[in-house]
Amino acid sequence: MANGQWYPPEWPERIRALAEGTLTPVTPKRAATVMLLKDTEDTPVVHMLRRRASMAFAGGAYAYPGGGVDPRDDEHQIRWAGPTRAWWAKRLDVDGTAAQAIVCAAVRETYEEAGVLLAGPTPDTVVGDTTGEEWEADRAALVARDLSFAEFLDRRGLVLRSDLLGVWTRWITPEFETRRYDTWFFVAALPEGQRTRNASTEADRTVWIRPAHAADGYDKGELLMMPPTIATLRQLIPYDSAADVLAAAPARDLTAVLAKARLENGEVVLSWPGHDEFTKRIPTGGAPA
């Protein structure tokens, strides 16, 4: 392949079926993912994980901590700091309960997969060390969905720090995919005193990497990524600090990016609006070009 764009072998057949009207799209599930940043001497670096090759979805691809929304996290009001639920609802273009669940998903997945928790005992503090048997037992219960994130926060008397998050972009998995997600991409800075670790069973490697270096690895075909991952990496390159990224988040356009497939001159053309680099042309019976 010319670069590291993730492209499953079953896509051409599914794209043709969608274009011909014989494929019914799966309804996407709401999800959240977080670009966790920290500063170095001259540029911010982002935390990424490599999904295990055995994973059914995007195996071997580099990504950020993230996952699906837990509907239980919109069931009751939790202790909350930062912009109100109404503010988040307007920003995410959902209702207030859904906004809480989406923000909870962002914070929960960062804790589940990276061991970093954007919450504290008061509205202006963040927990320190999250290692130890009791913390790990709670994290494992969250992963197993035996415990909702709202219940976890209540149990520990913690306040969710929504002010430590910024929402960056929104991508929806293409209609021809078997697993579809409506995903909001957030940005956050690594809280002082906390450290990342590979806490995910879905990843075999984690790295802190400069966005420009990760993008270069993708361009050389060395790092496999899905379109939204490399797109967001390129968007981070101009910024000099994590604070600059977070300051830019409120002005970001959150119009959802959704791939489109069409038949054209005997080929299936796959494109992502606003992202021409990902366009693929699939000849009938052939491989993408």
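In the block above lies the structure referred to throughout.
Basis of the calculations
Residues numbered from 1 in each chain as written. Predicted model: local features only at pLDDT ≥ 70, side-chain atom pairs only at ≥ 80, totals over all residues. Heavy atoms only, no water. Helix = DSSP H or I, 4+ residues; strand = E, 2+ residues; numbered from the N terminus. Rg over C-alpha atoms; globule rule 2.2 N^0.38 Å. Buried < 20%, exposed > 50% of the residue type's maximum accessible area, 1.4 Å probe, protein only. Contact = heavy atoms within 4.5 Å. Areas by Shrake-Rupley, 256 points an atom, 1.4 Å probe, with all protein chains shown as cover. Lys, Arg positive; Asp, Glu negative; His and termini not counted. Charge placed at Lys NZ, Arg CZ, Asp CG, Glu CD. Core = buried A, V, L, I, M, F, W, Y, C linked by side-chain atoms within 4.5 Å. Pairing = 2+ DSSP bridges. Phe/Tyr/Trp six-rings, centres within 6.5 Å; stacked < 30°, edge-to-face > 60°. Salt bridge = Lys/Arg side-chain N within 4 Å of Asp/Glu carboxyl O.

Caption draft 1: Up close: the overall build of the protein. Each helix and strand counted, the protein has 8 helices and 14 strands in total. For a compact globule of 289 residues, the expected C-alpha radius of gyration is about 19 Å, and the protein comes in at 19 Å, within 12% of that figure. Taken over the C-alpha atoms alone, the protein extends approximately 60 × 40 × 35 Å along its principal axes. Within the protein, buried positions represent 52% of all 289 residues. Residue pairs in contact within the protein that sit at least 24 positions apart in sequence constitute 69% of those at least 6 positions apart. Accessible area of the protein: about 12,900 Å², with a carbon and sulfur share of 49%. Separation between the mean location of the 33 positive side-chain charges and that of the 41 negative ones in the protein comes to 2 Å.

Caption draft 2: Broad picture of the nonpolar core. Counting 40 residues, the largest nonpolar core has L92, L117, F152 and F186 as its most contacted members. Of all the secondary-structure elements, those providing two or more residues to this core are strand 1 (29–39), helix 2 (85–92), helix 3 (96–114), helix 4 (133–143), helix 5 (149–156), strand 8 (165–172) and strand 9 (181–189). Top element by residues in this core is helix 3. It accounts for 10 residues. Each residue touching L117, except ones within four places of it in the same chain, is listed here: V107, Y111, V126, V127, T130, W135, F149, F152, L158, P191 and Q194. Formed by 38 residues, the second largest nonpolar core is a distinct cluster that contains I15, Y64, A214 and W272.

Caption draft 3: Representation of the pairing of strand 8. Most of strand 8 sits inside the fold, with 8 of its 8 residues counted as buried. The sheet contact formed by strand 8 and strand 9 spans 7 bridges and is antiparallel. Each bridged residue has a counterpart across the sheet, and for R170 the counterpart in strand 9 is W184. Here 2 bridges tie strand 8 to strand 11 (residues 257–258), and the two strands are oriented parallel to one another.

Caption draft 4: Region of interest: unusual backbone geometry. A positive phi angle, near 65 degrees, is found at D93, a position not held by glycine. Not every positive phi belongs to a glycine, and R145 is a case in point at roughly 65 degrees. You can see R145 is positioned in the loop between helix 4 and helix 5.

Caption draft 5: Inspection of the environment of L233 at higher detail. With respect to the secondary-structure elements, L233 resides in helix 7 (residues 227–236). In the structure, L233 is positioned 198 residues away from M35 in sequence and 9.1 Å away in space, judged by C-alpha atoms. Residue contacts for L233: discarding those within four places in its chain leaves V46, M48, Y64, P211, A214 and M225.

Caption draft 6: Layout of the packing of aromatic side chains. All chains considered together, the criterion is met by 9 aromatic pairs. Centroid distance W87 to W88: 4.9 Å. Interplanar angle 90 degrees. Geometry classified as edge-to-face. On the accessibility criterion, W88 (1% relative accessible area) is buried. Following the ring pairs from residue to residue traces out a cluster consisting of Y111, W135, F149 and F152.

Caption draft 7: Main features of the pattern of salt bridges. In the structure shown here, the tally under the stated rule is 14 salt bridges. One salt bridge in this structure joins D42 and R210, with 3.1 Å as the shortest N-O distance. Of the two residues, D42 sits in the loop between strand 1 and strand 2 (44–51) while R210 sits in the loop between strand 10 (203–209) and helix 6 (211–219), which places them 168 residues apart along the sequence. Residue D70 is joined to R72 by a salt bridge in which the shortest nitrogen-to-oxygen separation is 2.8 Å. A relative accessible area of 23% places R72 in the partly exposed class.

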